[in-house]
Amino acid sequence: RMLSCATVSVKDHYDDTEFAKLRKVVEEDFPLLHQKAEHMLLSDDCWMYKIPGKDDSRNILLMSHHDVVDADPAEWSCEAFSGQIRDGKVYGRGAADTKGSLCAIFFAMEQLLRENFQPEVNVWIGSSHNEELGGDGITSARSYFQEQGITFEVILDEGGAIVDPPIGNMSCEKCAMVAVHEKGRCRVVCTALWESSHVSLTGYKNNPVERMASFIQEVSTKDLFIRRLNPQVRGMFASLAPYCGFPMNVLLCNLWLFGGILKKVLPKINATAGGMVGTTCAFQKIDGGTNEKICTAKAMLRNVNEEDLKADLEVFKTVAKKYGITVEVEYEEYYSPADMNSPAYRYAMDLLAAVFPRYPAAPYVLPAGTDAWKLTPVCNCVLRFAPTRMSSQQLGSIHAGDENLDISAVAEAAVYYKKFAQNYK
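Conventions and cut-offs
Residues numbered from 1 in each chain as written. Predicted model: local features only at pLDDT ≥ 70, side-chain atom pairs only at ≥ 80, totals over all residues. Heavy atoms only, no water. 1 Å grid on protein atoms, 1.4 Å probe; cavity = no way out; pocket = protein on both sides within 12 Å on 5 of 7 lines; lining within 4 Å. Points joined across faces, edges and corners; volume = space filled by probe spheres on them. Helix = DSSP H or I, 4+ residues; strand = E, 2+ residues; numbered from the N terminus. Nonpolar A, V, L, I, M, F, W, Y, C, P; charged D, E, K, R; others polar. Phe/Tyr/Trp six-rings, centres within 6.5 Å; stacked < 30°, edge-to-face > 60°. Buried < 20%, exposed > 50% of the residue type's maximum accessible area, 1.4 Å probe, protein only. Lys NZ or Arg CZ within 6 Å of the ring centre and 35° of its normal. Pairing = 2+ DSSP bridges. Contact = heavy atoms within 4.5 Å. Axes fitted to C-alpha atoms, helices over the stretch in contact; angles between N-to-C directions. Polar contact = N/O pair within 3.5 Å; in protein donor to acceptor, adjacent residues only side chain to side chain. Core = buried A, V, L, I, M, F, W, Y, C linked by side-chain atoms within 4.5 Å. pLDDT = per-residue confidence, 0-100. Expected span 1.5 Å × (residues − 1). Parallel < 35°, antiparallel > 145°, perpendicular 65-115°, else oblique. Left-handed = near helix turned anticlockwise from the far one by under 90°.

Undergrad: Help me out: how do you make sense of the layout of surface pockets in this one?
TA: If you roll a probe as big as a water molecule over the atoms, it shows you where there is empty space left. One number sums up the size of the largest pocket: a volume of about 1,100 Å³. Lining the largest pocket are 45 residues; nearest its centre among them are Thr272, Met276, Tyr364, Pro367 and Leu395. Counting residues per element, the lining of the largest pocket draws most heavily on strand S7 (residues 154–163), which supplies five residues. Among the residues forming the lining of the largest pocket, the class breakdown is 27 nonpolar, 13 polar and five charged. Here the second largest pocket defines a volume of roughly 410 Å³. Along the wall of the second largest pocket there are 18 residues; nearest its centre are Arg1, Val90, Cys103, Ile407 and Val410. Residue assignment for the lining of the second largest pocket shows that the elements contributing at least two residues are helix H3 (95–114) and helix H14 (407–423). In terms of residues, the lining of the second largest pocket owes the most to one element, H3, which gives six residues.

Undergrad: Would you explain the packing of aromatic side chains in this entry?
TA: Taken as a whole and judged by the stated rule, the model has 21 aromatic pairs. Summarising the aromatic geometry, the rings of Phe385 and Tyr416 are spaced 6.4 Å apart at their centres and angled 85° between planes, so their arrangement reads as edge-to-face. With Phe385 in strand S14 (residues 382–389) and Tyr416 in helix H14, this pair connects stretches of sequence that are 31 residues apart. Assessed through its relative accessible area of 1%, Phe385 is described here as buried. Members of the aromatic cluster, joined through ring pairs, are Tyr347, Phe356, Tyr359, Phe385, Tyr416, Tyr417, Phe420 and Tyr424. If you follow Arg86 out to its NZ or CZ, it ends over the ring of Tyr91, 4.2 Å from the centre.

Undergrad: How should the sheet that holds strand S4 (residues 85–86) be read in this particular structure?
TA: Pairing between sheet strands relies on hydrogen bonds along the backbone, with the strands arranged either parallel or antiparallel. On the basis of which strands lie adjacent, the open sheet formed by three strands has the order S4-S5-S15 and antiparallel pairing. Both outer strands of the open sheet, S4 and strand S15 (404–406), are each paired with one neighbouring strand and no more. As defined by bridge partners, S4 adjoins strand S5 (residues 89–91) across two bridges and the pair is classed as antiparallel. Following the sheet pairing, Arg86 is matched in S5 by Lys89. Running at roughly 40° to S15, H3 makes contact with S5 and S15 of the sheet. Against the sheet, H14 touches S4, S5 and S15, its axis set at about 65° to S15.

Undergrad: It is not clear to me how the environment of Pro231 should be interpreted in this structure. Could you clarify?
TA: Secondary-structure assignment places Pro231 in helix H7 (residues 231–240). Overall, the relative accessible area of 56% leaves Pro231 in the exposed class. Distance from Pro231 to Ala96, taken between C-alpha atoms, is 29 Å for residues 135 residues apart in sequence.

Undergrad: It is not clear to me how the side chain of Asn130 should be interpreted in this structure. Could you clarify?
TA: Positionally, Asn130 belongs in the loop between strand S6 (121–128) and helix H4 (137–148). Residue Asn130 is classed as buried on the basis of its relative accessible area of 10%. At 2.9 Å, the side chain of Asn130 forms a polar contact with the side chain of Asp136. Beyond its immediate stretch of four places on either side in the chain, Asn130 contacts Ser9, Asp67, Gly135, Asp136 and Gly137.

Undergrad: Looking at this structure, how should I read the nonpolar core?
TA: Side chains that are nonpolar tend, in soluble globular proteins, to be buried together. One finds Leu33, Met109, Leu383 and Phe420 to be the most contacted residues of the largest nonpolar core, which totals 105 residues. For this core, the element with the most residues is H3, which contributes ten residues. Filtering out sequence-adjacent residues up to four positions away, Met109 remains in contact with Leu33, Ile51, Leu62, Val123, Ile125, Tyr417, Lys418 and Ala421. Core analysis: the second largest hydrophobic core is formed by 22 residues, Met212, Leu224, Leu301 and Leu309 among them.

Undergrad: Got a minute to help me understand the confidence of the model for the protein in this structure?
TA: Note that predicted coordinates carrying low pLDDT should not be read in detail. Per-residue confidence for the protein gives a mean pLDDT of 94, with 96% of residues at or over 70. Low pLDDT, under 50, characterises residues 198–203; the stretch is placed with three contacts to residues that sit more than four places away or in other chains.

Undergrad: How do you make sense of H14 when you look at a structure like this?
TA: Each α-helix winds once per 3.6 residues, and so residues spaced three or four apart point in a common direction. Compared with the 24 Å implied by 1.5 Å per residue over 17 residues, the 25 Å span of H14 between its first and last C-alpha is a close match. Among all positions of H14, only Ala409, Val410, Ala413, Ala414, Tyr416, Tyr417, Lys418, Phe420 and Ala421 are buried.

Undergrad: Before we go on, may I ask you to explain the packing of helix H12 (residues 343–355) against H14 in this structure?
TA: A pair of packed helices is captured by two measures, namely the crossing angle of their axes and the spacing between those axes. Look at H12 against H14: their axes get within 10 Å of each other, and the N-to-C directions meet at 130°. One finds that H12 runs oblique with respect to H14. The two elements H12 and H14 cross, and the hand of that crossing is right-handed. When H12 is examined against H14, the residues Tyr347, Ala348, Leu351, Leu352 and Val355 are found in contact with a partner set consisting of Val415, Tyr416, Lys419, Phe420 and Asn423. Of the residues assigned to the contact of H12 with H14, the class counts are eight nonpolar, one polar and one charged.

Next up, the structure:
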């Protein structure tokens, strides 16, 4: 029923029709939550529910988002907004991203309320309507929390999941990958100008386009940026090492000896893994031509460490200067990593071991973007993880055709969310 609501977020436009349908569905299917929890709408349709705890001064937040990207019918074997059930799976845009986990949260809290359970702390449920656009839903929630002086001990959002092992030759079927950090963003504008006003004398030799192309080539092919095994990556290796076969288990268990090799070879072996050990750069747009006196290019630098980015930018600018190119920072944002020494983090990881004993849990750095980073000012333990089990095909169906999720995976996620709220002290 949730998947049958086509809550597609559209840039610079909001139509409440399908979002209103979804609100009606969850009100009908989870009546106790809507009767007993305090709930509010922020922005156009950002949901916030509060189940009061015994200690009103403490808070945790389980969150997701209910907007989706559009679906191309040509990519689907069924209607994208049908919620069709087939072979134990439910198909529909948003099944994996992220109405499946949202349904699991609601189901878990509805069960607890049916049992007249009161949590030790306030349990909040949040869901934004424009996460796919990087919109103002959760930003509005953050403003509300800051105005009310509300902070959270832990937040669970999307990002990681229970997926196929990220390293080959592992002895486990799946791994619970918990993103404890999200890469920052720094968008820069690179500009090359004509070095001579007398084109007739110089021809097109060394023109702005050629210099920009040479600059992009050097940045893209040389290892310019700092590489380090940060605490999040070390934690991932330590958690996964016991399940790895030879020789990877030896490498990961002896980072003091092999760490230098790993941080150099990881970017060459796997782009995602390589992105966890330092700044990456992707050129996204280039404008200009041989008849123009200017050529510009936009690049996105994604960084793990804020201080490293400052040094990386200086190297980037030095290379640019060699080609007569200036660099200006257009936009920058950075998010603090989760405190992996906090009791809340340890609780989340221990509970994963209890609920999913077959799947080792490991921290990692998320290369993608979520709503969660916007809440780091009100929580020092933001975990980007939904306890939904996915195959490689299901993970690949996100933002693609035939998006689906095992129904049993939604039930398993509900168990984790229920126990998370039930046993949090």
